[in-house]
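Each chain is listed here by its residues.
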Amino acid sequence: MKIGVKCRFIAGIILTISLSHGFVIPAQQSSPVSIDGLRSRTYKSTFVYERRIRQEEDYRTELMSFVVDELKEYACVMIPTTRRPKSGFPVIIFGHGYIHDPTTYSQDGRPSGYYRDLLGSYARRGFVVIAPDYRGHKDSEGREYTNSPISTNYYSIDLLHALDAVETLDYADPNRVFYVGHSMGSEVGLRMALATSSIKGASLWAPTIISPMEKALFFFILYDDNYHVIEDTRVNNHTLRRAEKSYQSMLSHLPFEYEDRDGNPWYYLDELATPLILHHADGDTYVPYEWSHRLISRLYELNRPFEMYSYDSDRHLLTGSNRQKAIGRDITFFESLR
């Protein structure tokens, strides 16, 4: 699974360079996809049952639809078959990582086989697990948004609507909602947590929360426009000016003014109230392990609640005993936040 649309991830560095070259990108207060914009809008949606996907011994999986910005989107919902608690089952909303071709997400069944065992483990432990596609993924409408330089901002809007729709599930407890996000999904979820107080705790697996400069440099030198690893990793004034021009062109097609800083969770960590737990393989080759260290260093400086666990592995998504350890730690963490 390739992580990183180059033009999207170089946003922060390009905006920084633009100022030094005399380019001005106008800023609009509370852009609709900025974090302040997300805080100011209303979220209202309802889950509608579509069909049963599968039945396991400990849980069943159903396909639900919901509407966001007039787009019909889909989510897999895993429901424990154990006795329903009086207040309903606690809920986990899951944000998946970057998919190079959104049409292929879940092509091997819902949810994607890449994540199925992970999410099923939470359902077996008594959580309702909601895994939205994101707009433009699989059969969800809105393919045009997946090519946007700010696609993850829109995905946060999708999941905030899914969060509201939890109220329509009579077996779910809307007062005990947690978040699990993998890779790009960590950014989607953290933006979500900054926009609402309804997320009681969040687990970030191989998070991509880092300053735009570092993220841009890392992904810019790794991949070409076809997502192949490039041999020549040289970055100079010429390559960055070319990237700047490409990004400016992409921004010019947005229907509103936007500045990356206003929608990037890295700049809002001082306002984060949601407790975090982080998991990261120390040999991860897709998202640098060091990024999690930088994130917790920043959280520590800001006195934000967190805990982090490292794993001896090179896997971007933990497997085997490492995965089971991480899931167990998540559940212990979530239960401590009641």
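Now for a description of the structure that goes with this document. Please read all numbers here as calculations on a predicted model, not as lab measurements. (Residues numbered from 1 in each chain as written. Predicted model: local features only at pLDDT ≥ 70, side-chain atom pairs only at ≥ 80, totals over all residues. Heavy atoms only, no water.)

1. A few points about the pattern of salt bridges
In this structure the tally under the stated criterion is 13 salt bridges. Between glutamate 62 and arginine 60 there is a salt bridge, and its shortest N-O distance comes to 2.8 Å. Residue arginine 135 pairs with aspartate 69 through a salt bridge whose shortest N-O separation is 3.3 Å. Linking arginine 135 in the loop between strand S5 (128-132) and helix H5 (151-165) with aspartate 69 in the loop between strand S2 (59-68) and strand S3 (71-80), this pair joins segments that are 66 residues apart in sequence. Overall, aspartate 69 belongs to the partly exposed group, its relative accessible area being 35%. Bridged by salt links that share partners, the residues Arg41, Asp69, Glu73, Arg135 and Asp158 form one connected network. (Salt bridge = Lys/Arg side-chain N within 4 Å of Asp/Glu carboxyl O. Helix = DSSP H or I, 4+ residues; strand = E, 2+ residues; numbered from the N terminus. Buried < 20%, exposed > 50% of the residue type's maximum accessible area, 1.4 Å probe, protein only.)

2. Points about the sheet that holds strand S7 (residues 199-205)
Across the sheet, which stays open at both edges, the nine strands sit in the order S1-S2-S3-S5-S4-S6-S7-S8-S9 with mixed pairing between neighbours. Of all strands in the sheet, those bounded by a partner on one side alone are strand S1 (48-55) and strand S9 (306-311). Strand after strand, the sheet turns through a mean of 20° between neighbouring axes, direction not considered. In the packing of helix H10 (residues 289-301) onto the sheet, contacts are made with strand S8 (276-281) and S9, and the angle to S9 comes to roughly 160°. (Pairing = 2+ DSSP bridges. Axes fitted to C-alpha atoms, helices over the stretch in contact; angles between N-to-C directions. Contact = heavy atoms within 4.5 Å.)

3. Quick look at the packing of H5 against helix H6 (residues 184-195)
In a packed pair of helices, the relevant descriptors are the angle between the two axes and the axis-to-axis distance. Where H5 meets H6, the axes come as close as 9 Å, and the angle between the chain directions of the two elements is 60°. Taken together, the axes of H5 and H6 are oblique relative to one another. The handedness of the crossing between H5 and H6 comes out as right-handed. Residues Thr152, Asn153, Tyr155, Ser156, Leu159, Leu160 and Leu163 of H5 lie in contact with H6, whose contacting residues are Met184, Glu187, Val188, Arg191, Met192 and Ala195. Partitioned by chemical class, the residues of the contact of H5 with H6 number eight nonpolar, three polar and two charged. (Parallel < 35°, antiparallel > 145°, perpendicular 65-115°, else oblique. Left-handed = near helix turned anticlockwise from the far one by under 90°. Nonpolar A, V, L, I, M, F, W, Y, C, P; charged D, E, K, R; others polar.)

4. Quick look at the packing of aromatic side chains
In this structure the tally under the stated criterion is nine aromatic pairs. Relative to phenylalanine 178, the ring of phenylalanine 127 lies with its centre 6.3 Å away and its plane at 75°, an arrangement referred to as edge-to-face. Pair noted here: phenylalanine 127 is in the loop between helix H4 (113-124) and S5 and phenylalanine 178 is in strand S6 (residues 172-182), with a separation of 51 residues, a long-range link. There is no split in this pair, since phenylalanine 127 and phenylalanine 178 are both buried. Aromatic pair tyrosine 145 and tyrosine 154: ring centres 4.6 Å apart, planes at 65°, arrangement edge-to-face. Judged by relative accessible area, which is 9%, tyrosine 154 ranks as buried. Within the aromatic cluster, the residues linked to one another by ring pairs are Phe127, Phe178, Phe333 and Phe334. A cation over an aromatic ring shows up here: arginine 60 above the ring of tyrosine 171, its NZ or CZ 6.0 Å from the ring centre. The cationic tip of arginine 135 hangs over the ring face of tyrosine 145; the distance from NZ or CZ to the ring centre is 4.5 Å. (Phe/Tyr/Trp six-rings, centres within 6.5 Å; stacked < 30°, edge-to-face > 60°. Lys NZ or Arg CZ within 6 Å of the ring centre and 35° of its normal.)

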